[in-house]
Amino acid sequence: MQLTNRINRIQISPTAAVIAEADRLKSQGVDIADFGPGEPDFPTPEHIKEAAIRAIRENKSKYTPTGGIMPLREAICAWHKRELGSNYAAKECVVSVGGKHGIFNVMSVLVQAGDEVIIPAPYWVSFPDIVKYTGATPVYVQTWPEDGFSVKAAAIEAAITPKTKILILNSPSNPSGAVVPPDEYKKILDVCRKHNVWVMGDECYSHFTYEPNKPFSIASAADSKEHVIILGSVSKTFAMTGWRIGYVLGPAELIQALIKLQSQSTSNPTSVAQYAALEAMTGSMESVPQMLAEYTKRRRRILDGLRAIPGVTCVDPGGAFYAFPNVSAYLANGAAGHAMAKDSTELAKLLLDRAHVALVGGDGFGAPGYLRLSYATSIERIEEGLRRLERFFTRVEAAA
Ligand code: PLP
C-alpha cells in the first residue's frame, strides 16, 4: 500500500505496544505485574461521573462549539489561575480531545518542514513523532541523572538555531519525573524570549509533585504570554484518561488557528466528557491530594525496591508517577559485564516473557540503558513486581 511520507515518518507508540502485549498475555490468564500504563489506577471521582450522567440525562449530547463549551473554557482559565497563577481569558483557551491532541494541533499550526523543535531527553515518546509528522525536525537536549534529568537554560540556549520555533518542556516529566525548578524555568523562558522561541509547557502532571517541589506553571511568570503555550489535561490530575479532555492556553490568535483545525478535523471534544471536565474544574479537588498521598507511598516503596537490586541506580523522581532506573549494567557493554539483552527494549521484552513484569524500555524515551516503571498501581502489585524483578536480576548476577 502506498502511504504518505508523513505517516511513514512516525511509529506506533512503544508504550502502547507494551500495553498491548501485556494485555494479550493477561487475556491468556497470565498474572502480569503491570508497571506499563501511564495512567492512574484510581477511578474517576464520583462527583465527576455524576456530572456526566446528568449531562446525558439532560440530553447534552449534541454538537458543541468546536473549541469547547464556553463554561468549560472559562472554568479552565479560572482553575489554572487559582491553582497555577496564570491569567488567561476564555478566548485564550481551547478544549481538545485530550492533551496529546492539543500538542498535535499546536505543532500542526506552528511548525513545518525546515523548522526545529527542541525536546529535552529523556522525553515522552510522542513528542518526537508528533514533530516529525509535521515535517519539522526534533532537536534533542540531553539531561543527566546528576541533575535529576532537569534541563538547564544554558543547554537550551546552546541548542537554539535560527530554525528553532518551539521548546517542548514537560515538567514534571514523563518518563523521568524531572521537575524544572521555577528559577531555572524562568531563565529558560528568558532565553527563549531572547531568541523568539515558543515555550510549550506540558503540565499534564502538574499536581503530582513530591516535596520540596510544588505545582508550578511558567504561565505565572511576568510577561510570559507572548512566548508561552500551556498544554494541560484532566487525564492524570482527575483520573480521567479515557474521557479525552485536554486544553491549550495561549495567545488568542493561536487559539483561533487551533479551533480552525479542530473545525475541519475532530470538531468538538465529546459533549458529555466536557460536562464531566467542567465538574472536575469547578468541583471539589479532594481526590487529588488523596491520590498524591498514595503515589508518595508507592514511590518510596518502588525506589527502595529498585535500588536494592545489585547494579541498578535510580534518581528520585520529583513528580509524575514513574520510576526510571538505570539498568545499563545488565545490557551489552554494561559495567557489570553480564549482558542480559542488547538494549532496554529487548530487556523489557525478556522481563515480560520470563518474569511476567510489564514495563517500558528507555530506548523509545531517548534513554537507552533505562526502564520506565509506572507506579500507578497498588502497593501489593508493586511488591509482587519488585519480588519478580529481584529474582530475575539476581539470577543473572549469580550466573555471571
Ligand atoms: N503529555 C505527557 C507528558 C503525557 O505523559 C501524556 C500521557 O501519557 C500526555 C501529554 C497526554 O495525555 P492525554 O492525551 O491523555 O491528555
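Sequence order as written defines residue numbering, which begins from 1 separately in each chain. Restriction of local features to residues with pLDDT of at least 70 applies here, the model being predicted, together with a cutoff of 80 or more for giving and counting side-chain atom pairs; totals for whole chains, interfaces and linings are based on all residues. Just so you know, side-chain values use all the structure's heavy atoms and leave hydrogens and water out.

## Thoughts on the overall build of the protein chain
Only DSSP runs of H or I with at least four residues qualify as helices, and only runs of E with at least two residues qualify as strands; both kinds are numbered from the N terminus onward. Secondary structure summary: the protein chain contains 13 helices and 12 strands in total. In terms of C-alpha radius of gyration, the protein chain reaches 21 Å, essentially the compact-globule figure of 21 Å for 400 residues. Dimensions along the principal axes, computed over C-alpha positions, put the protein chain at roughly 65 × 55 × 55 Å. Within the span of the protein chain, comprising 400 residues, buried residues form 56% of the whole. Taking all contacts inside the protein chain whose residues are at least 6 apart in sequence as the whole, residues at least 24 apart take part in 73%. Total accessible area computed for the protein chain in this model is approximately 17000 Å², and 53% of it derives from carbon and sulfur atoms. All radius of gyration figures rest on C-alpha atoms, and the globule criterion is 2.2 Å times the number of residues raised to 0.38. Relative accessibility thresholds used throughout: buried, under 20% of the residue-type maximum; exposed, over 50%; partly exposed, between the two (1.4 Å probe, protein chains only). The criterion used for residue contact is that any of the two residues' heavy atoms lie within 4.5 Å. To measure how exposed things are, a 1.4 Å probe is used in the Shrake-Rupley method; for residues, cover is taken only from the protein chains shown.

## Things to note about the packing of helix α3 (residues 46-57) against helix α10 (residues 271-282)
The axes of two packed helices give the description: the angle between them and the distance between them. Here an axis means a line fitted to C-alpha atoms, over the contact stretch when the element is a helix, while the angle between two N-to-C directions is reported on a 0 to 180 degree scale. Running from N to C, α3 and α10 cross one another at 140°; their axes reach a closest spacing of 8 Å. When the interaxial angle is binned, α3 and α10 end up oblique. Where α3 crosses over α10, the two elements pack in a sense that is right-handed. Judged by residue contacts, His47, Ile48, Ala51, Ala52, Arg54, Ala55 and Ile56 of α3 engage Val272, Tyr275, Ala276, Glu279 and Ala280 from α10. Residues are grouped as follows: nonpolar covers Ala, Val, Leu, Ile, Met, Phe, Trp, Tyr, Cys and Pro; charged covers Asp, Glu, Lys and Arg; every other residue, Gly included, is treated as polar. Here the residues of the contact of α3 with α10 sort into 9 nonpolar, 1 polar and 2 charged. Oblique is the label for any angle not under 35 degrees, not over 145, and not in the 65 to 115 range, which are roughly parallel, roughly antiparallel and roughly perpendicular in turn. Crossing handedness is read from the near helix: turned anticlockwise from the far helix by less than a right angle, it gives a left-handed crossing, and turned clockwise, a right-handed one.

## Concerning the site of the ligand
Of all residues adjacent to the ligand, which total 13 residues, the nearest are Gly99, Asp202, Ser233, Ser235 and Lys236. Side-chain atoms alone can form a polar contact between residues adjacent in sequence; in general such a contact is a pair of N or O atoms within 3.5 Å, and within protein one must be able to donate a hydrogen while the other accepts it. At 2.6 Å from an oxygen atom of the ligand is found a main-chain nitrogen or oxygen belonging to Gly99. Here Lys236 contributes a side-chain N or O atom positioned 2.6 Å from an oxygen atom of the ligand. Classifying every residue of the shell around the ligand by side-chain character gives 3 nonpolar, 6 polar and 4 charged. Here, proximity means that at least one heavy atom of the residue falls within 4 Å of the molecule or strand.

## Some thoughts on the nonpolar core
To qualify as a nonpolar core, a set must consist of buried Ala, Val, Leu, Ile, Met, Phe, Trp, Tyr and Cys residues joined through side-chain atoms within 4.5 Å. Of all hydrophobic cores here, the largest spans 126 residues; its most connected members are Met107, Phe238, Leu306 and Leu389. Throughout the structure description, domain borders are defined by an automatic or database domain assignment. In this structure, this core is formed jointly by two domains, domain 1 (5-43 + 287-393) and domain 2 (46-282), each of which donates at least three residues. With sequence-adjacent residues up to four places away left out, Leu389 is seen in contact with Phe35, Leu306, Ile309, Leu351, Val357, Leu359 and Leu373. Formed by 5 residues, the second largest nonpolar core is a distinct cluster that contains Ala22, Leu25, Ile32 and Ala358.

## Digging into the pattern of salt bridges
When the charged atoms of two side chains with opposite charge come close together, those side chains can pair. Salt bridge criterion: a side-chain nitrogen from Lys or Arg within 4 Å of a carboxyl oxygen from Asp or Glu. Considering all chains together, one arrives at 26 salt bridges under this definition. With a closest N to O distance of 3.8 Å, Glu184 and Lys187 form a salt bridge. With a gap of 3 residues between them, Glu184 and Lys187 both fall in helix α8 (residues 182-194), about one helical turn apart. Note that Glu383 and Arg301 form a salt bridge whose closest N and O atoms lie 2.9 Å from each other. Note that Glu383 is positioned in helix α13 (residues 379-399) and Arg301 in helix α11 (residues 287-307), a separation of 82 residues in sequence.

## Let's talk about the domain arrangement of the protein chain
Assigned domains within the protein chain: domain 1 (5-43 + 287-393) and domain 2 (46-282). Domain 1 puts 34 residues into the contact, and the matching count from domain 2 is 32 residues. Summed over both sides, the interface between domain 1 and domain 2 buries roughly 2800 Å², with carbon and sulfur atoms accounting for 64% of that surface. Taken together, domain 1 and domain 2 are joined by 0 salt bridges. Buried area adds together the accessible area that both of two parts lose upon being put together, with accessible area traced by a 1.4 Å probe.

## Considerations on the sheet that holds strand β11 (residues 360-361)
In this analysis, strands are considered paired if DSSP registers two or more bridges between them. Strand order across the open sheet formed by 3 strands is β9-β12-β11, with antiparallel pairing between neighbours. Of all the strands in the sheet, just β9 (322-323) and β11 have a single pairing partner and so form its edges. Strand direction decides the pairing type here: β11 and strand β12 (residues 371-374), joined by 2 bridges, are antiparallel. Bridge pairing in β12 links Gly361 to Leu371.

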